[in-house]
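Descriptive structure summary
Chain residues, written in single-letter form:
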Amino acid sequence: MDNKVNYLLRLGDNALILSQQLSQWCGKGPALEEDMALTNVALDLLGQTRLWYEYAAELEGAGRSEDQLAYLRDAHDFKNCLLLEQPNGNYADTMVRQFYFDTWHYFLIEGLTRSSDARIAAIAEKSLKEVTYHLRRSGDLIVRMGDGTAVSHAKTQAAADALWMYSGEVFAYDAVDEAMVAAGIAPEAGELRAQWLAHVAEIFAEATLTMPPADAWMQKGGKQGRHSEHLGYILAEMQFLQRAYPDAEW
Amino acid sequence: MIAAAAPAARSAAALSSAVAQIWAWLGAVPDPEIPVISIVDLGIVRDVRVAADGACDITITPTYSGCPAMQVIADAITDALHAHGVVQVRLHNQISPAWTTDWMSEAGKAALKGYGIAPPAQQVIDISGLRAGGRAAAAAVSRRAALAPTVACPHCGSQHTEITSQFGSTPCKALYKCLDCREPFDYFKCH
């Protein structure tokens, strides 16, 4: 598969899987405002997914539509990071996952606005204000929960520790990522990681949370299609309609 | 009407007046989610062109990547122009430059306020500085920048309001409440 198509699918898959996960909170949020916020973030991510898939499908030239990319690929063809397929868990689990992702996503998208690929730069420019808003909100929630009650602090710290090993995959560049950096399409991993660590440290300090060690062992494999069992369940629900009723349309 | 124009009328002046007419018709197409404001006042329509054969090219831009109203807006534009006799309408989606609330007209902002939605107060997320990267990018999401803007209550005008939620009934709005008249209200976020 062409490197750029692969890279675009990774961007789209990350946004789609997290969007699907957040949609699960619809009607079940801990407060009405949280319910609306998460579904709004899910909607932004779904819109971004479509922009990435649309471009990937055009470049691929195999006649696949954005819907076919979303609904007719199996788990090993998905390239999302393992962090995003981790279960919603309790609200602290969901918000820590969101905060780890939003921090990386924000600095990545900000870097992509300077991409040598004009279409990618345009999509990044469109997405940047949305992801800025996402990150401000998730950082705010981490502070409120971390520096909240003894129970909210304990749950947020536990989530921060448990999800930490999934936070490093986005910085583990493989040949696809490196080809994008060499072509001036994507930002380098080193700078992104430094920005990510600095922002997480700033928010965790204010949230009175202990940041796990930066040199901890990290999971990887999602980008290359090696997933945990969680993704199968997510896809089973997301793809059911198209699998059961092929080519069904609204 | 435009399609029926005689060949002699297809001068530059005629085309320019046809473009102005199309803008006026689009100015009467309401936003599907906030019907007191038109899609032109909202800044969604970016360009109108009329070809010599009467075909009309309309360029629109989404407010948010995932705005679910875009298809409805596209259909509403086509329907409105068909109703005015424009036979061929071609719609184009453009995402760059990215839509901003700065493109909202003053008339549109006044209409929002009259409808009970506080209009955008200031440019909170200014991405022009962000593109410089590094320090500016980090500052944009620091906790100081996350403070919500002061928004006047659209009901009683009081500045004594507070944010309830950073997201409201649609992606483009946040929820506020007035601490004086006690009414909750939507705030159209700066974007």
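Residues numbered from 1 in each chain as written. Chains lettered and ligands numbered in written order. Predicted model: local features only at pLDDT ≥ 70, side-chain atom pairs only at ≥ 80, totals over all residues. Heavy atoms only, no water.

So, on to the overall build of chain B. Summing up its helical and strand segments, chain B has five helices and seven strands in all. Going residue by residue from the N terminus, the α and β elements of chain B occur as α-β-β-α-β-α-β-α-α-β-β-β. Scored against the burial criterion, the 191 residues of chain B give a buried share of 47%. Considering only intrachain contacts with a sequence separation of at least 6, the fraction spanning at least 24 residues in chain B is 54%. Counting only carbon and sulfur atoms, one obtains 54% of the accessible surface of chain B, whose full area is about 8,700 Å². (Helix = DSSP H or I, 4+ residues; strand = E, 2+ residues; numbered from the N terminus. Buried < 20%, exposed > 50% of the residue type's maximum accessible area, 1.4 Å probe, protein only. Contact = heavy atoms within 4.5 Å. Areas by Shrake-Rupley, 256 points an atom, 1.4 Å probe, with all protein chains shown as cover.)

Residues and elements named next belong to chain B. In space, the three strands of this open sheet follow the order E1-E2-E3, with mixed pairing throughout. Both outer strands of the open sheet, strand E1 (45-50) and strand E3 (89-93), are each paired with one neighbouring strand and no more. Looking at each pair of strands side by side, their axes are set apart by 15° on average, direction ignored. Here E1 runs beside strand E2 (residues 56-60); their pairing, made up of five bridges, is antiparallel. (Pairing = 2+ DSSP bridges. Axes fitted to C-alpha atoms, helices over the stretch in contact; angles between N-to-C directions.)

On to the nonpolar core, then. The tendency in soluble globular proteins is for nonpolar side chains to be buried as a group. Counting 96 residues, the largest nonpolar core has Tyr 100, Tyr 106, Leu 112 and Ile 142 of chain A as its most contacted members. Look past the residues within four positions of Ile 142 of chain A in its chain and what remains in contact with it is Met 95, Val 96, Phe 99, Asp 147, Thr 156, Ile 203, Phe 204, Ala 207 and Leu 209 of chain A. Counting 33 residues, the second largest nonpolar core, distinct from the first, contains Trp 25, Tyr 64, Val 86 and Cys 172 of chain B. (Core = buried A, V, L, I, M, F, W, Y, C linked by side-chain atoms within 4.5 Å.)

All names here are of chain B. In terms of domain boundaries, chain B breaks down into domain 1 (7-93) and domain 2 (104-188). In this complex, domain 1 contributes eight residues to the contact, which on the side of domain 2 involves 13 residues. In terms of surface lost to domain 2, no three residues of domain 1 exceed Ile 34, Val 36 and Asp 41, which account for 49% of the buried area on that side. Where domain 1 packs against domain 2, one counts zero salt bridges. In this assembly, domain 1 and domain 2 are joined by one residue pair in polar contact (both at pLDDT 80 or more). For the side of domain 1 that touches domain 2, the residue count by class is six nonpolar, no polar and two charged. (Domains from an automatic or database assignment. Buried area = accessible area lost by both parts, 1.4 Å probe. Salt bridge = Lys/Arg side-chain N within 4 Å of Asp/Glu carboxyl O. Polar contact = N/O pair within 3.5 Å; in protein donor to acceptor, adjacent residues only side chain to side chain. Nonpolar A, V, L, I, M, F, W, Y, C, P; charged D, E, K, R; others polar.)

As for its placement among the helices and strands, Ser 167 of chain A is situated in the loop between helix H7 (150-163) and helix H8 (175-182). A polar atom in the side chain of Ser 167 of chain A sits 2.7 Å from the backbone oxygen of Trp 164 of chain A.

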